[in-house]
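Listed here are the chains, written in short residue letters.
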Amino acid sequence: MKYRKFGASDWKASVVGFGVNGLPVKGLEIDEGRSIEMIRRAIDQGINFIDAGDRRYLSRYEQTIRIIDQALQEGYCDKVRVSVGLPVSSISSAKDLNRCLNEDIKRLNRDKIDFYFLAGLDRITWPRVQEMNLLNCLETAMADGRIDKAGFSFHDHFLFLRGIIEGYDLSL
């Protein structure tokens, strides 16, 4: 497996990560046994980054998080870093962000989340992020140890991305 330095951190991320949105299903449910086996095999092959997705589809997300927690038992937890997203469209306050973050930490059975990101920033959601003061909320969560790194996913024209980058010091 190849690894690359991750930003300004000392950590080296595998060039291939494992996203859980495509876990195998059995009927309408995720096949837990096969999914745990897949995640562990990926880790055994050197993958050290798991993207847990986000809570847009809450019932599936809850099941996915439970599977990740199970897969990371028996020493696997120390071998990977986990990313979790929070869709900006699903919250209406900094209090909501804190509640969701605390729920995610509890569901993953961890002390903190390695990478927590605001999902779906665009020209409509960015003003809401600013109004709700969510970036300061993320900074507070990093300072108190609930998040290691914060970020965002962006889904719009690059000119709006420039406005976000220029409008806030994103070196969280």
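Use the structure listed above.
Cut-offs applied
Residues numbered from 1 in each chain as written. Predicted model: local features only at pLDDT ≥ 70, side-chain atom pairs only at ≥ 80, totals over all residues. Heavy atoms only, no water. Salt bridge = Lys/Arg side-chain N within 4 Å of Asp/Glu carboxyl O. Helix = DSSP H or I, 4+ residues; strand = E, 2+ residues; numbered from the N terminus. Buried < 20%, exposed > 50% of the residue type's maximum accessible area, 1.4 Å probe, protein only. Pairing = 2+ DSSP bridges. Core = buried A, V, L, I, M, F, W, Y, C linked by side-chain atoms within 4.5 Å. Contact = heavy atoms within 4.5 Å. Arc of directions from axis to C-beta. Right-handed = clockwise from strand over helix to strand, strands pointing away. Polar contact = N/O pair within 3.5 Å; in protein donor to acceptor, adjacent residues only side chain to side chain.

Q: Give me the lowdown on the pattern of salt bridges, citing residues and values where you can.
A: Note that side chains of opposite charge can pair when their charged atoms are close. For the structure on display, the rule yields eleven salt bridges. The salt bridge partner of E103 is R99, with a shortest N-O separation of 3.3 Å. Residue E103 and its partner R99 are located together in helix α3 (residues 94-108), separated by four residues, close to a single helical turn. Judged by relative accessible area, E103 falls into the partly exposed class, the value being 26%. In this structure, a network of salt bridges that share partners links the residues E62, D96, R99, E103, D104 and R107.

Q: If you had to explain the sheet that holds strand β9 (residues 147-154) to someone new, which residues and values would you point to?
A: Strand order across the open sheet formed by five strands is β3-β6-β7-β8-β9, with parallel pairing between neighbours. Looking at which strands have only one partner, the edges of the open sheet turn out to be β3 (18-19) and β9. As defined by bridge partners, strand β6 (residues 49-54) adjoins strand β7 (residues 81-87) across four bridges and the pair is classed as parallel. Bridge assignment links F49 to a residue of β7, and that residue is R81.

Q: Got a sec to walk through the nonpolar core? Specific residues and values, please.
A: If you look at the biggest cluster of nonpolar residues, it comprises 45 residues, and the most contacted ones within it are I39, I50 and Y116. When residues in this core are grouped by element, the largest group, six residues, is from helix α5 (residues 134-143). Here I50 is in contact with F18, V20, I39, I43, I68, L72, V80, R81, V82 and S83, once residues within four sequence places are set aside.

Q: Outline unusual backbone geometry, listing residues and values.
A: With glycine set apart, most residues show a phi of negative sign, and most peptide bonds adopt trans. You will see that E74, though not glycine, has its phi angle at about 60°, which is positive. Mapped onto the fold, E74 is located in the loop between α2 (58-71) and β7. Relative accessible area serves as the criterion here: at 68%, E74 is assigned to the exposed category. For N109, which is not a glycine, the phi torsion comes out positive at approximately 60°.

Q: Requested: an account of α5, with residues and values cited.
A: All of the buried residues along α5 are L134, L135, C137, L138, A141 and M142. Viewed end-on, α5 has its buried residues packed into an arc of 155°, placing them on one side of the element. Tucked into the core, α5 has its buried residues touching α3, β8 (113-121), α4 (125-132) and β9. Positive phi shows up at G145, right after α5, with a value of about 90°.

Q: Describe the pairing of β7, and please don't skip the residues or the numbers.
A: Where burial is concerned, most of β7 is hidden: six out of the seven residues are buried. Sheet topology note: the β7/β8 ladder contains five bridges and is parallel. Bridge pairing in β8 links G85 to F117. Considered for its hand, the β-α-β crossover made up of β7, α3 and β8 is right-handed.

Q: Outline the environment of E62, supporting the account with residue identities and numerical values.
A: Within the fold, E62 resides in helix α2. For E62, a relative accessible area of 28% gives the class partly exposed. When the C-alpha atoms of E62 and L108 are compared, they prove to be 9.7 Å apart, with 46 residues separating the residues in sequence. Within the structure, the side chain of E62 is placed 2.8 Å from the side chain of R107, a separation counted as a polar contact.

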